[in-house]
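Structural characterization, general
Each chain is listed here by its residues.
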Amino acid sequence: MHPTRETARISRRQISAYLLAAGFLPAAGLVHAQDKWPAKPVKVVVAFTAGGTTDLLARAVTQKLSEKLGQSFIIDNKPGGGGNIGTEFVVRAPADGYTLIVNSVGPIAVNQSLYKGMNYDPLVDLVPVIQIADVPNVLVVHPSVPVKNFDEFVAYVKANPGKLSYGSTGVGTSSHLSSYMLSQRIGSETLHVPYKGANALNDLLAGRLQFMFATIPSVIQHIKSGKLRALAVSSDKTSRSLPGIPTVAEKGFPGFAAGSWFGFFAPKGTPAPVIALLNKSVNEALPALEEQMIREGADPIGGTPEQFGQFTRKEHEKWQKIVKDSGATVD
């Protein structure tokens, strides 16, 4: 007896259900996410306030992505907890490609060693997509400090132990740990004054602080106007944004490298074709943004997800040791 058409249809459905349950067929939603992405607006979380370096880089790149991919990429600022609030929001978001994050060194490589009780691991629960830019910190001093270059600064710090104050954007931030590292290498004590957000820079400009490691975009205009004096950059090579400023490493502190970097991440489980398309699209967008980014203090990077993943793991290892040595903790 031959099966009827209806029986055959049921059998095919049963077979498909079995194959899907066994993992041999992708779910329909996954196929849709892979084949059609982006089919609707994409939310891009920034775990810091609007107007900061992360926010500015994210907006520049997402504008190009909107033009290229034909869908809106909408910035959603979720500041707080040193970037942990916005980062955890994305960790818990659906892994469908419609919630992404542009994140930085703090939430990805530092905070797990700094904050007690974090219930997620950014290196495990997020997928690295692409590094957008490297943004070195630059050592800047108020003009009232009687030094004209980095060598004079080192001599001045040694001659005045415990008398110079530096600001940071918070305990355990890159601006704090960069200054801590330099003071340790110089071998002379300096006073750390932690702030929230831009208040540290405001007090440096007012002369209430003597020096600070700050991201280049946040101070480049003040350097050009003479309100601050740039002495050295924290990267392992000279910044294209400040080509005349030496690195700390080349001025007698080999191996000194401490700065900020920024890149795209997605929730763990985001379909591989989505990751690949986003990576390809950002790589293609960066050349058009290169001149603007360098002018504003960032060195565009690009590359593969694998390269970015290797980089973030090395950064985590480096900062884990620095945080431990500094004794910095945040409850």
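This structure is a prediction, so every number in the text was calculated from the model and none was measured.

1. A few points about the pairing of strand β1 (residues 42-46)
Look at any regular strand and the pattern is simple: side chains alternate between the two faces of the sheet. Of all five residues in β1, four are buried; the element is thus mostly enclosed. Note: β1 against strand β2 (residues 73-77), five bridges, orientation parallel. Paired with valine 46 across the two strands is asparagine 77, which belongs to β2. Regarding the hand of the β-α-β motif, the stretch spanning β1, helix α3 (residues 53-69) and β2 is right-handed.

2. Concerning the pairing of strand β8 (residues 229-233)
The buried fraction of β8 is high, at four of five residues. Taken together, the four bridges between strand β4 (residues 126-141) and β8 define a ladder with antiparallel strand orientation. Bridging across to β8, valine 140 finds its partner in alanine 230.

3. Description of the side chain of serine 178
Within the element layout of this structure, serine 178 appears in helix α8 (residues 174-186). Under the relative-accessibility criterion, serine 178 is labelled buried at 0%. In this structure the side chain of serine 178 is engaged in a polar contact, spanning 2.7 Å, whose partner is the backbone oxygen of serine 174. If we ignore the near neighbours within four places in the chain, the residues touching serine 178 are Asn137, Phe213, Phe256 and Ala258.

4. Section: the pattern of salt bridges
Applying the stated rule across the entire model yields 13 salt bridges. Measuring nitrogen to oxygen at the nearest pair gives 3.3 Å for the salt bridge that ties glutamate 88 to arginine 92. Classification of glutamate 88 by relative accessible area gives partly exposed; the value is 26%. A residue is classified by how much of its surface remains accessible, and arginine 92, at 49% relative accessible area, is partly exposed.

5. Things to note about unusual backbone geometry
Cis geometry is found at the peptide bond from tryptophan 37 to proline 38, where omega equals -5°. Tracing the chain through its elements places proline 38 in the loop between α2 (28-36) and β1.

6. With respect to the side chain of serine 165
Structurally, serine 165 is set in strand β5 (residues 165-168). Take serine 165: its relative accessible area is 14%, and that puts it in the buried class. Excluding its chain neighbours within four sequence positions, the residues that come into contact with serine 165 are Leu191, Val193, Leu209, Gln210 and Phe211.

7. Some remarks on the packing of α8 against helix α12 (residues 305-326)
Their axes nearest at 11 Å, the elements α8 and α12 cross at an angle of 70°. In this view, α8 runs roughly perpendicular relative to α12, as classed from their interaxial angle. Each of Leu177, Tyr180 and Met181 in α8 lies in contact with α12, whose residues at this interface are Trp319, Ile322, Val323, Asp325 and Ser326. In the contact of α8 with α12, the residues fall into six nonpolar, one polar and one charged.

8. Describing helix α4 (residues 84-91)
All of the buried residues along α4 are Asn84, Gly86, Thr87, Val90 and Val91. End-on, the buried residues of α4 take up no more than an arc of 165°, which puts them together on one face. Here the buried face of α4 lies against β1, β3 (99-104), α5 (105-114), α6 (122-125), β4 and β9 (259-267).

9. Overview of the packing of aromatic side chains
Inspection of the entire model under this criterion finds nine aromatic pairs. When the ring of phenylalanine 153 is compared with that of phenylalanine 211, the centres are 5.2 Å apart and the planes differ by 70°; the resulting orientation is edge-to-face. Placement of the pair is phenylalanine 153 in helix α7 (residues 150-159) and phenylalanine 211 in strand β7 (residues 211-215), with a sequence separation of 58 residues. Counting every residue linked through ring pairs, the aromatic cluster contains Phe150, Phe153, Tyr166, Phe211 and Phe253. The ring centre of tyrosine 98 lies 4.8 Å from the NZ or CZ of lysine 40, which sits over that ring.

10. Some words on the environment of methionine 212
Checked against the element boundaries, methionine 212 lands in strand β7. The exposure class assigned to methionine 212 is buried, which follows from its relative accessible area of 3%. Separated by 37 residues in the primary sequence, methionine 212 and serine 175 have C-alpha atoms spaced 7.1 Å apart. Apart from the residues within four sequence positions on either side, methionine 212 is in contact with Val138, Leu139, Val140, Gly167, Ser168, Thr169, Ala200, Leu201 and Leu204.

What counts and what doesn't
Residues numbered from 1 in each chain as written. Predicted model: local features only at pLDDT ≥ 70, side-chain atom pairs only at ≥ 80, totals over all residues. Heavy atoms only, no water. Buried < 20%, exposed > 50% of the residue type's maximum accessible area, 1.4 Å probe, protein only. Helix = DSSP H or I, 4+ residues; strand = E, 2+ residues; numbered from the N terminus. Pairing = 2+ DSSP bridges. Right-handed = clockwise from strand over helix to strand, strands pointing away. Polar contact = N/O pair within 3.5 Å; in protein donor to acceptor, adjacent residues only side chain to side chain. Contact = heavy atoms within 4.5 Å. Salt bridge = Lys/Arg side-chain N within 4 Å of Asp/Glu carboxyl O. Axes fitted to C-alpha atoms, helices over the stretch in contact; angles between N-to-C directions. Parallel < 35°, antiparallel > 145°, perpendicular 65-115°, else oblique. Nonpolar A, V, L, I, M, F, W, Y, C, P; charged D, E, K, R; others polar. Arc of directions from axis to C-beta. Phe/Tyr/Trp six-rings, centres within 6.5 Å; stacked < 30°, edge-to-face > 60°. Lys NZ or Arg CZ within 6 Å of the ring centre and 35° of its normal.

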